[in-house]
Amino acid sequence: QVQLVESGGGSVQAGGSLRLSCAASGRTFSHYAMGWFRQAPGKEREFVASISFNGGNTDYADSVKGRFTISRDNAENTVSLQMNSLKPGDTAVYYCARKSVFGGNSYYTGLYDYWGQGTQVTVSS
């Protein structure tokens, strides 16, 4: 069983920064790509960013490109999301997830098998 635990959420003003972290249990963390998703009230869960198993490839939603950076530390079993220049539209619960399938569209939630409980990010104007 894999557990993912997010931390680092909070409330900031527009233009501010936050860093989210996700700690994973288990000894196979380095075998899997990881992703960050978010869900705002009344909206579907949407892709934010993903990173390959070794950190060599990353992908971002257009809405966060140039502002967010995903990274991972396989020695520590963690994946992080550095969020800069935050906007009110970034307000959501943020989830990390393990991508169970090699390849495929990282944007598709169905390719992820384990999810964290989520951490709230609130950006005020």
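Rules behind the numbers
Residues numbered from 1 in each chain as written. Predicted model: local features only at pLDDT ≥ 70, side-chain atom pairs only at ≥ 80, totals over all residues. Heavy atoms only, no water. Phe/Tyr/Trp six-rings, centres within 6.5 Å; stacked < 30°, edge-to-face > 60°. Buried < 20%, exposed > 50% of the residue type's maximum accessible area, 1.4 Å probe, protein only. Lys NZ or Arg CZ within 6 Å of the ring centre and 35° of its normal. Pairing = 2+ DSSP bridges. Helix = DSSP H or I, 4+ residues; strand = E, 2+ residues; numbered from the N terminus. Axes fitted to C-alpha atoms, helices over the stretch in contact; angles between N-to-C directions. Core = buried A, V, L, I, M, F, W, Y, C linked by side-chain atoms within 4.5 Å. Contact = heavy atoms within 4.5 Å.

Novice: Report on the packing of aromatic side chains, specifying residues and quantitative values.
Specialist: For the structure on display, the rule yields five aromatic pairs. With a centroid separation of 5.9 Å and an interplanar angle of 55 degrees, the aromatic rings of Tyr 112 and Trp 115 are classed as tilted. The class for Tyr 112 is buried, based on a relative accessible area of 5%. Put simply, the rings of Phe 37, Phe 47, Tyr 107, Tyr 112 and Trp 115 pair up and form one aromatic cluster. Above the face of the Phe 29 ring, Arg 72 is positioned so that its terminal group lies 4.4 Å from the ring centre.

Novice: Tell me what's going on with the sheet that holds strand β3 (residues 18-24), and back it up with residues and numbers.
Specialist: Spatial ordering of the open sheet is given by β1-β3-β8-β7, a layout of four strands whose pairing is antiparallel. Looking at which strands have only one partner, the edges of the open sheet turn out to be β1 (4-7) and β7 (68-73). Neighbour-to-neighbour, the strand axes of the sheet open up by a mean angle of 15 degrees, direction not taken into account. Where β3 lies against strand β8 (residues 78-83), six bridges are found, and the strand directions are antiparallel. Bridge pairing in β8 places Leu 18 opposite Met 83.

Novice: So what about the nonpolar core? Which residues, and what values?
Specialist: Counting 33 residues, the largest nonpolar core has Trp 36, Leu 81, Met 83 and Tyr 94 as its most contacted members. Elements supplying a minimum of two residues to this core: β3, β4 (33-39), β5 (46-51), β7, β8, β9 (92-99) and β11 (119-124). Ignoring any residue separated from it by four or fewer positions in sequence, one finds Met 83 in contact with Gly 16, Ser 17, Leu 18, Leu 20, Arg 67, Phe 68, Tyr 94 and Val 121.

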